[in-house]
Amino acid sequence: MIIFLLVLLVCIGGWKTKNLSFSGALSALIMGCIIGYFYHWKGLLLLGAFFLSSSIWSKLFTGSKAEIEGRLAKSSVRDWQQVWANGGPAAVFIILYHFTGSEWCLYSFAAAIAAANSDTWASEIGPLSRKSPLSIRSFKRVEKGTSGAVSLLGTVAALAGSVFISLMFFILQDSFHWSLFILISVAGFLGNVFDTVAGAYWQEEFTCPVCNSSTEAAMHCGVPAVKSKGYSWMNNESVNFTSSFLAGAGILLFIPG
Ligand SMILES: [Zn+2]
């Protein structure tokens, strides 16, 4: 009951501070209940570490990121699709943990959140890099905020974001295993690498006929943008969901025996 009230309070807080839209807050509430029910406060604190650190990064340095907001399909106010894209796989693994009782599903849960955190830190901190990022498809410098482009700062942020969650997981576990710590950190980081590759090759992108900039939004400058690449079902959310899910699923390959 206390857990539920706490989750409710955090969701209302996220909505009031415009980190979450109404649908996003409702989704976060449902997800919080799932994770709180199956893994209690340990799961919620890990999820909280992800949401809180991401919100802090997105609120900081907003001025230098104003230019990239127009490129993205969505604003920093997270809606239900973004909430489920980032937390859905973690919820799946925690339900799996409940039914199998296997510790490895817990590690998958941690890796799924580590991947989501890795991606969020990279996309919130990376654009602060002074140089424009390098597209991994064309090896050319492209505008900041382009999916499938990397910078040194963004890559360091991605690694730090994954390590942070992995570390938090073991702090909450009250135990520490170097090999598992490295495994979860690497899985989370590789999830972000998948995110970048998918963003570069398969994610849908448009060109605005008015301002000629490339964007992930189907509408730009008040007119429909022209599709330039990618699959229509491959948007930022489905790519995020897949990379987080793969990071968690990848852990299960390491189950001994
Ligand atoms: Zn435009």
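Above this note sits the structure.
Residues numbered from 1 in each chain as written. Predicted model: local features only at pLDDT ≥ 70, side-chain atom pairs only at ≥ 80, totals over all residues.

K.L.:
Please give an account of the overall build of the chain that cites residues and values.
P.N.:
Check the secondary structure of the chain and you find 8 helices and 7 strands. Radius of gyration (C-alpha) of the chain: 18 Å, near the 18 Å computed for a compact globule of 257 residues. When its C-alpha atoms are laid out on the principal axes, the chain stretches across 55 × 40 × 30 Å. In the chain, buried positions account for 47% of the 257 residues. Contacts spanning at least 24 positions in sequence make up 69% of the contacts within the chain whose residues lie at least 6 apart. (Helix = DSSP H or I, 4+ residues; strand = E, 2+ residues; numbered from the N terminus. Rg over C-alpha atoms; globule rule 2.2 N^0.38 Å. Buried ≥ 20, exposed ≤ 12 C-beta atoms within 10 Å, placed from the backbone. Contact = placed C-beta atoms within 7 Å.)

K.L.:
An account of the packing of helix α5 (residues 103-125) against helix α7 (residues 178-201) is needed here, citing residue identities and associated values.
P.N.:
Here α5 crosses α7 at 50°, and the two axes come no closer than 8 Å. Relative to α7, the element α5 lies oblique. For the pair α5 and α7, the crossing hand works out as right-handed. Every residue of α7 that contacts α5 at Tyr107, Ala110, Ala111, Ala114, Ala115, Asn117, Ser118, Asp119 and Ala122 is listed here: Leu180, Ile184, Ser185, Ala187, Gly188, Phe189, Gly191, Asn192 and Asp195. Looking at the contact of α5 with α7 residue by residue, the class counts come to 10 nonpolar, 6 polar and 2 charged. (Axes fitted to C-alpha atoms, helices over the stretch in contact; angles between N-to-C directions. Parallel < 35°, antiparallel > 145°, perpendicular 65-115°, else oblique. Left-handed = near helix turned anticlockwise from the far one by under 90°. Nonpolar A, V, L, I, M, F, W, Y, C, P; charged D, E, K, R; others polar.)

K.L.:
Which residues make up the nonpolar core, and what are the values?
P.N.:
Counting 47 residues, the largest nonpolar core has Ala90, Phe109, Ala110, Ala111, Ala112, Ile113 and Ala114 as the members making the most contacts within it. Counting residues per element, the ones that place at least two in this core are α1 (2-16), α2 (22-59), α4 (80-100), α5, α6 (152-173), α7 and α8 (236-252). Apart from the residues within four sequence positions on either side, Phe109 is in contact with Ala90, Phe93, Ile94, Tyr97 and Gly248. In this structure, Trp121, Ile125, Ala158 and Phe189 belong to the second largest nonpolar core, which totals 6 residues. (Core = buried A, V, L, I, M, F, W, Y, C linked by C-beta atoms within 7 Å.)

K.L.:
Go over the sheet that holds strand β4 (residues 214-215), please, and point to the residues and values.
P.N.:
With antiparallel pairing, the 3 strands of this open sheet are ordered in space as β4-β3-β7. The open sheet has two edge strands, β4 and β7 (226-229), and neither has a second partner. The pairing of strand β3 (residues 205-207) with β4 spans 2 bridges and is classified as antiparallel. Paired with Phe206 across the two strands is Thr215, which belongs to β4. (Pairing = 2+ DSSP bridges.)

K.L.:
Before we move on, could you go through the packing of α2 against α6 and cite the residues and values that matter?
P.N.:
Between α2 and α6, whose axes approach to 10 Å, the crossing angle comes to 150°. Relative to α6, the element α2 is oriented roughly antiparallel. Our pair here, α2 against α6, has a crossing hand that is right-handed. Residues Lys42, Leu45, Leu46, Ala49, Phe50 and Ser53 of α2 lie in contact with α6, whose contacting residues are Phe164, Ile165, Met168, Phe169 and Leu172. Of the residues assigned to the contact of α2 with α6, the class counts are 9 nonpolar, 1 polar and 1 charged.

K.L.:
Can you break down unusual backbone geometry residue by residue, with the values?
P.N.:
With a phi angle near 65°, Asn212 is a residue other than glycine that sits in the positive phi range. Looking at where Asn212 falls in the secondary structure, it is placed in the loop between β3 and β4. The exposure class of Asn212 is exposed, given the 9 C-beta atoms found within 10 Å. In this structure, Cys221 takes a positive phi of about 50° despite not being glycine. The partly exposed category is assigned to Cys221, around which 14 C-beta atoms lie within 10 Å.

K.L.:
I'd love a proper account of α8, names of residues and values included.
P.N.:
With 17 residues, α8 ought to run about 24 Å at 1.5 Å a step, and its terminal C-alpha atoms sit 25 Å apart, in line with that. α8 sits mainly inside the fold: 12 of its 17 residues count as buried. Of all the positions in α8, only Asn236, Val239, Asn240, Phe241, Ser243, Ser244, Phe245, Leu246, Ala247, Gly248, Gly250 and Ile251 are classed as buried. Considering only its buried residues, α8 is in contact with α4, α5 and α7. (Expected span 1.5 Å × (residues − 1).)

K.L.:
Which residues make up the environment of Ala158, and what values go with them?
P.N.:
The topology assignment puts Ala158 in helix α6. For the pair Ala158 and Ala115, spaced 43 residues apart in the sequence, the C-alpha separation amounts to 8.5 Å. Not counting residues up to four positions away in its chain, the partners in contact with Ala158 are Ser118, Trp121, Ala122, Phe189 and Asn192.

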